[in-house]
Amino acid sequence: MAQFEEVSKKSELHPKPVGMVQQYGTAGFRTHADHLDHVMFRMGLLAALRSRNTKATIGVMVTASHNPEEDNGVKLIDPMGEMLTPVWEVYATRLVNAEQDHLLTVLEDVIEKESIDLTQEAHVFVGKDTRSSSARLSEAVLDGVTALRGHSKDYGLVTTPQLHYMVCCCNTRGEYGQASVEGYYRKLLQAFAELTKHVPNRTDDQKCLLVDGANGIGALKLREMVPRLQGELLVSLFCDGTSGKLNHQCGADFVKVQQKSPKGIDMKAGDRCCSFDGDGDRIVYYYSDAEGHFHLLDGDKIATLISTFLKELLTQAGLDLKMAVVQTAYANGSSTRYLQDTMKLIVKCTKTGVKHLHHVAQEFDIGVYFEANGHGTVLFSKVLEEKIRRLCKDSDGERRRVATLLKNSVDLINQTVGDAISDMLLIEAILAIRGMTVQQWDAIYTDLPNRQLKVKVSDRRVIETTDAERKTVSPAGLQEAIDGLVEKHRQGRSFVRPSGTEDVVRVYAEAETQESADALAHEVSLVVYRLAGGVGGEPKPL
Ligand SMILES: CC(=O)N[C@H]1[C@@H](OP(=O)(O)O)O[C@H](CO)[C@@H](O)[C@@H]1O
Ligand SMILES: [Mg+2]
């Protein structure tokens with residue numbers, strides 16, 4: 001077939017280094033930018049097939065998120081703006097690892113398995129982050145789409161959630177919004193303005209927010225929005241990419257893992273601050289108190305603030321609906337207890353990785369999901385959205401006011417995926433409406449001190465987990481050893497799992513005091529090292 005000749009010819013321009021193997025992981029393919037040209041071309045091919053398979057527009061985002069600037073990566077976006085479905089992750093891995101002379105065979109195999117009609121039209125949206133390698137790598141994606149005679153639209157520099165939004169807008173024929181960056185701005189800005197317009201007596205101090213843009217795409221996009229916030233939010237943008245390096249000593253991942261403020265932010269005691277990650281899909285908040293202590297408000301605190309706000313509105317609106325908060329094992333034990341025992345909310349725990357949380361959140365009328373690292377959003381069922389819309393029209397007085405707040409919250413939230421800009425505007429609106437300071441928000445519950453460590457082992461796959469990764473089933477004896485150690489620490493909890501993005505085993509521990517959490521994390525690291533084939537020197541105490 002003529003299309004295959006074209007693929008054959010074009011693929012010679014994007015040759016795969018012989019023997020190189022890569023895996024479609026938690027966040028797509030991700031590695032040093034020098035090893036990705038063939039991956040990008042082939043993901044362009046796969047996106048064109050996926051588009052024909054779903055009869056919808058598919059997205060391809062070139063980014064390595066919070067990784068160093070030298071890395072890059074690629075993720076595919078399915079029709080409703082969600083992550084690529086798992087069966088196709090397997091195809092992606094096979095296609096990327098096929099040696100040059102085997103590429104067509106693998107391609108044909110996917111076409112046959114999914115009964116893809118090549119005469120169908122294919123449409124692919126492509127976006128990229130600000131990495132120096134992203135321009136040439138997104139060209140390779142476009143080459144792949146064209147080789148299979150797909151139509152492509154290059155959105156250029158966009159945040160990951162913006163591209164998810166575009167795909168959803170396009171496939172809902174504009175019902176979700178207009179598929180352009182301008183359409184995205186307009187939808188969010190209008191919802192934010194509506195939410196904040198009746199908030200009385202806010203001082204400039206309360207409106208001030210310091211933002212660390214991780215020297216990435218999130219900073220560029222936020223800068224375009226700031227002048228249009230009509231003074232309802234006074235943003236000071238730091239790490240805006242004009243001089244610093246992407247993610248270097250800044251950004252949401254740095255702040256969460258190091259538990260300290262980013263380099264280059266000029267914060268005074270009490271200032272409300274937040275950090276985006278490198279592709280604008282994560283956010284964490286923080287402030288430092290008068291004694292200079294750093295306070296982090298991570299994904300768990302964000303989930304608590306948002307779910308408390310929405311639950312109150314639902315009650316006031318007289319809507320009795322099923323609402324849940326979805327977390328992973330990394331959620332701080334205090335947050336889980338607060339949500340369950342005080343807020344009386346359903347709390348679910350899933351495996352790490354946003355696609356798992358998203359999936360479970362879809363089962364409820366309102367599903368609030370956040371990873372502790374700040375990646376998350378809220379999903380609303382169609383039934384609920386319809387009820388809210390009707391209530392806005394048919395009710396009056398207080399009930400109408402509350403329904404309108406709900407409607408504008410729905411519009412402000414990017415339901416396709418976690419979105420730093422959208423989450424930030426929602427959090428700012430909630431704090432304004434409730435007249436709450438960052439300190440009051442922080443005081444809703446007190447985090448248990450915790451520690452995350454990494455252990456290097458020769459093959460991390462020897463660790464198998466169950467119960468949403470909270471327990472191990474192999475190697476033999478490991479779980480019993482962890483249980484024995486946890487027992488010795490007041491309010492102790494610990495688990496280990498192989499990372500899906502790095503060649504390490506992650507260890508998490510929390511306990512009543514920081515010393516205790518640190519000691520537990522170290523003790524567990526040692527048993528992992530001993531029972532799961534540790535390499536290099538034994539883990540040292542902190
Ligand atoms: C503890 C932690 O933060 N893990 C991160 C990290 O996954 P690992 O499988 O733990 O490497 O990267 C994922 C993709 O960005 C993110 O979804 C997840 O939350
Ligand atoms: Mg990210």
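Note that this is a predicted model, so its numbers are computed, not measured. (Residues numbered from 1 in each chain as written. Chains lettered and ligands numbered in written order. Predicted model: local features only at pLDDT ≥ 70, side-chain atom pairs only at ≥ 80, totals over all residues. Heavy atoms only, no water.)

## Side note on the overall build of the protein chain
- Looking only at helices and strands, the protein chain features 19 helices and 19 strands.
- For 542 residues, the compact-globule estimate of 2.2 N^0.38 gives 24 Å, and the protein chain sits close to it at 23 Å.
- Taken over the C-alpha atoms alone, the protein chain extends approximately 65 × 60 × 45 Å along its principal axes.
- For the protein chain, the proportion of its 542 residues judged to be buried stands at 59%.
- Partitioning the contacts of the protein chain with sequence separation of at least 6, the portion at a separation of at least 24 is 70%.
- Split by element, the accessible area of the protein chain, about 22,000 Å² in all, is 50% carbon and sulfur. (Helix = DSSP H or I, 4+ residues; strand = E, 2+ residues; numbered from the N terminus. Rg over C-alpha atoms; globule rule 2.2 N^0.38 Å. Buried < 20%, exposed > 50% of the residue type's maximum accessible area, 1.4 Å probe, protein only. Contact = heavy atoms within 4.5 Å. Areas by Shrake-Rupley, 256 points an atom, 1.4 Å probe, with all protein chains shown as cover.)

## Re the sheet that holds strand β3 (residues 71-77)
- If you trace the 5 strands from one edge of the open sheet to the other, you get β1-β3-β2-β4-β5, paired in mixed fashion. Two strands lie at the open edges of the sheet, namely β1 (29-32) and β5 (151-157), each paired on one side alone. On average, each strand axis in the sheet is tilted by 15° relative to the strand beside it, whichever way the strands run.
- Sheet topology places strand β4 (residues 123-128) next to β5; 6 bridges connect them, and they run parallel. Of the residues in β5, the one forming a bridge with valine 126 is aspartate 154.
- Sheet strands touched by helix α6 (residues 160-171): β2 (57-62), β3, β4 and β5. Its angle to β2, the strand with the most contacts, is close to 170°. (Pairing = 2+ DSSP bridges. Axes fitted to C-alpha atoms, helices over the stretch in contact; angles between N-to-C directions.)

## Re the packing of helix α11 (residues 299-316) against helix α15 (residues 397-412)
- Direction vectors running N to C along α11 and α15 enclose 145°, while the axes themselves pass 9 Å from each other. Here the hand of the crossing between α11 and α15 comes out left-handed. Counting all contacts with α11, which are made through Phe309, Leu310, Leu313, Leu314 and Gln316, the residues of α15 involved are Arg399, Val402, Leu405, Leu406 and Ser409.
- For the contact of α11 with α15, the per-class residue count stands at 7 nonpolar, 2 polar and 1 charged. (Left-handed = near helix turned anticlockwise from the far one by under 90°. Nonpolar A, V, L, I, M, F, W, Y, C, P; charged D, E, K, R; others polar.)

## Considering the pattern of salt bridges
- Counted according to the given criterion, the structure contains 37 salt bridges.
- When the shortest N-O distance is used, the salt bridge between arginine 282 and aspartate 253 registers 2.9 Å. Taken together, the residues span a long stretch of sequence, with arginine 282 in the loop between β8 (273-276) and β9 (283-288) and aspartate 253 in helix α10 (residues 252-258) at a distance of 29 residues.
- The salt bridge partner of arginine 497 is glutamate 469, with a shortest N-O separation of 3.1 Å. Placement of the pair is arginine 497 in strand β18 (residues 493-498) and glutamate 469 in the loop between β16 (464-466) and β17 (471-474), with a sequence separation of 28 residues.
- Take glutamate 469: its relative accessible area is 9%, and that puts it in the buried class.
- The network of salt bridges with shared partners includes Lys382, Glu385, Glu386, Arg389 and Arg390. (Salt bridge = Lys/Arg side-chain N within 4 Å of Asp/Glu carboxyl O.)

## Observations regarding the UniProt feature "domain: Alpha-D-phosphohexomutase C-terminal" (unreviewed entry) in the protein chain
- This chain's UniProt record puts "domain: Alpha-D-phosphohexomutase C-terminal" (unreviewed entry) on residues 471-525.
- Counted over residues 471-525, helix gives 40% and strand 29%. Its end C-alpha atoms are 15 Å apart. (UniProt positions renumbered as here; feature names shortened; annotations may be inferred.)

## Things to note about the UniProt feature "binding site: substrate" (unreviewed entry) in the protein chain
- Those residues carrying the UniProt feature "binding site: substrate" (unreviewed entry) are Glu371, Ala372, Asn373, Arg497, Pro498, Ser499, Gly500, Thr501 and Arg506 in this numbering.
- Of the polar contacts made by the side chain of glutamate 371, one reaches the backbone nitrogen of glycine 353; its length is 3.0 Å.
- What makes arginine 497 buried here is its relative accessible area of 6%.
- Leave out the neighbours within four places in its chain, and arginine 497 touches Tyr330, Thr352, Thr465, Glu469, Val504, Val505 and Arg506.
- Engagement of the side chain of arginine 497 in a polar contact is seen with the side chain of threonine 352, the distance being 3.5 Å. (Polar contact = N/O pair within 3.5 Å; in protein donor to acceptor, adjacent residues only side chain to side chain.)

## A short note on helix α3 (residues 86-97)
- The first and last C-alpha atoms of α3 sit 17 Å apart over 12 residues, in line with the 16 Å expected at 1.5 Å per residue.
- Those residues of α3 lying buried are Trp88, Glu89, Tyr91, Ala92, Thr93, Leu95, Val96 and Asn97. (Expected span 1.5 Å × (residues − 1).)

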